[in-house]
Amino acid sequence: MKLRLSISAAAVLALLSGCVKEGPSRVDTGREPIRFGASAGIETKAFDPSDNTRPNDPRTLISVGNGVSLFGVWRATIGDDSVYETLFNNRRLRCNNVYLDDPTDPLSFDPEDQNSSVWDYDPLEYWKNTGDYCFTAVSPYTTGDASINSAYELKISYRVGTNHDLMVARAYRAEPAGGKDRVELAFKHVTSAVRFLFGTASDQGDKYKLTAFRLENLSPRGTLTIDSRLTAPIDFGPGGPDEPLDWSAGAIGVLGTLFDWTADASDPEKTVPYPTDPDNPDDYAQMGWYYMIPHTLDAGASVVFSVSYDGQTPVETTINISDLELPAGADTWQPNHVYNYFITVSQSGADIEVVATPWDEVSITTDPVTFEG
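The present account deals with the structure reproduced in this document. It should be emphasised that the depicted structure is a prediction, and the values quoted were computed from it without experimental measurement.

1. Details of the overall build of the protein
So, point 1. On a plain count of helices and strands, the protein comes out with 1 helix and 24 strands.
So, point 2. In the protein, which comprises 373 residues, the share counted as buried stands at 45%.
So, point 3. Sequence separation of 24 or more characterises 73% of the internal contacts of the protein that already satisfy a separation of 6 or more.
So, point 4. Roughly 17,500 Å² of accessible area belongs to the protein as shown, and the carbon and sulfur atoms make up 49% of that amount.

2. A closer look at the pairing of strand 14 (residues 208-216)
So, point 1. As paired elements, strand 14 and strand 20 (residues 302-309) share 8 bridges and run antiparallel to each other. Residue pairing across strands places Leu210 opposite Val307, the latter belonging to strand 20.
So, point 2. Pairing between strand 14 and strand 18 (residues 270-271): 2 bridges, direction antiparallel. Across the sheet, the residue bridging to Lys209 is Thr271, located in strand 18.
So, point 3. In this sheet, strand 17 (residues 258-262) lies alongside strand 14 in antiparallel orientation, the contact comprising 3 bridges. From the neighbouring strand, Ala212 faces strand 17, where its bridge partner is Thr262.

3. Some points on the sheet that holds strand 9 (residues 153-159)
So, point 1. The strand order across the open sheet formed by 4 strands is 8-9-15-16, and the pairing between neighbours is antiparallel. In this open sheet, the two strands that pair with only one neighbour each are strand 8 (146-148) and strand 16 (246-249). With direction set aside, neighbouring strand axes in the sheet form an average angle of 20°.
So, point 2. The pairing of strand 9 with strand 15 (residues 221-227) spans 7 bridges and is classified as antiparallel. The residue of strand 15 that forms the bridge with Ile156 is Leu224.

4. Some details on the environment of Arg229
So, point 1. With respect to the helices, strands and loops of the structure, Arg229 is situated in the loop between strand 15 and strand 16.
So, point 2. If we ignore the near neighbours within four places in the chain, the residues touching Arg229 are Val73, Tyr84, Cys134, Ala151 and Tyr152.

5. Some remarks on the side chain of Ser139
So, point 1. Here Ser139 lies in strand 7 (residues 132-139).
So, point 2. Once residues within four sequence positions are removed from consideration, Ser139 is found in contact with Leu61, Val68, Asp165, Leu166, Met167 and Phe187.

Criteria and thresholds
Residues numbered from 1 in each chain as written. Predicted model: local features only at pLDDT ≥ 70, side-chain atom pairs only at ≥ 80, totals over all residues. Heavy atoms only, no water. Helix = DSSP H or I, 4+ residues; strand = E, 2+ residues; numbered from the N terminus. Buried < 20%, exposed > 50% of the residue type's maximum accessible area, 1.4 Å probe, protein only. Contact = heavy atoms within 4.5 Å. Areas by Shrake-Rupley, 256 points an atom, 1.4 Å probe, with all protein chains shown as cover. Pairing = 2+ DSSP bridges. Axes fitted to C-alpha atoms, helices over the stretch in contact; angles between N-to-C directions.

Structure representation (structure tokens):
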């Protein structure tokens, strides 16, 4: 009898303490495993490969062999208190299969349908019949750049040099006794996508050549903090739980040079064409996409490039990008937004125009700024 009372007291103490458990739970489990499905969310709705104003390929997420970092918190209510337990702490969730409508077309699946792909992890966790579940996932999978702390804050570190499309999903399941179907993880972009496009002011027979390119005075790394206990899906809309996202810049501040490129024999100079359609990015010489830390640009943020004309010595030009004025404020790179910088070169100088738009929309606003050369 004394042994039974001791075990009961220890169990009550563990529940009331709310300590984080690192191992898989085996208390009050059923035999139904927790399964997951992934979707690319609204960003890839009606996917169209010809939509070249933004990165728009659902295979960035949904492709056999891809993995995401999975985090999950179980919550029980005892009286007026909530007790939490970590069930998934950076478990690797892997895409094992994608169901193609047309086996000859790798894009013939619905990226918003969680049943279009199969995702698995090991070892399995099983549903409890009580309590709530909060799940968060980070794409792509990382062994050390995402972690959950004792306050259930998910910390995601990102370095611009890795240049991958960082995405996050969140899902909630309340009292799963009556609903233990697959949990859908709808991913949203959390970085800013930036691209630089070069064209000429007039048709000069392709005499302009881009010979060097770099970005200066931009934040090279940052940390995104997300509360892993939130129940709403990722939402960047006005009043949404993730607006604004809690991005903090790295301690080293801005970096002098990012994405430094100089033409050589293995990567020759790029012809700067005359864009017959000035609104079509395909008519330009392209640098990017670059997935960047969302932040307010430093006063010295600049694009530096060299262009030669008709075989002459290249001329270097520096254009500051921190003081471009848009209704939405182009001096700040927002998460889940894309920024197309159209740079027009001529013998008298260079003009720049930035087109900023949410990742999941196609409408654009522009405001040109002219820099005399």
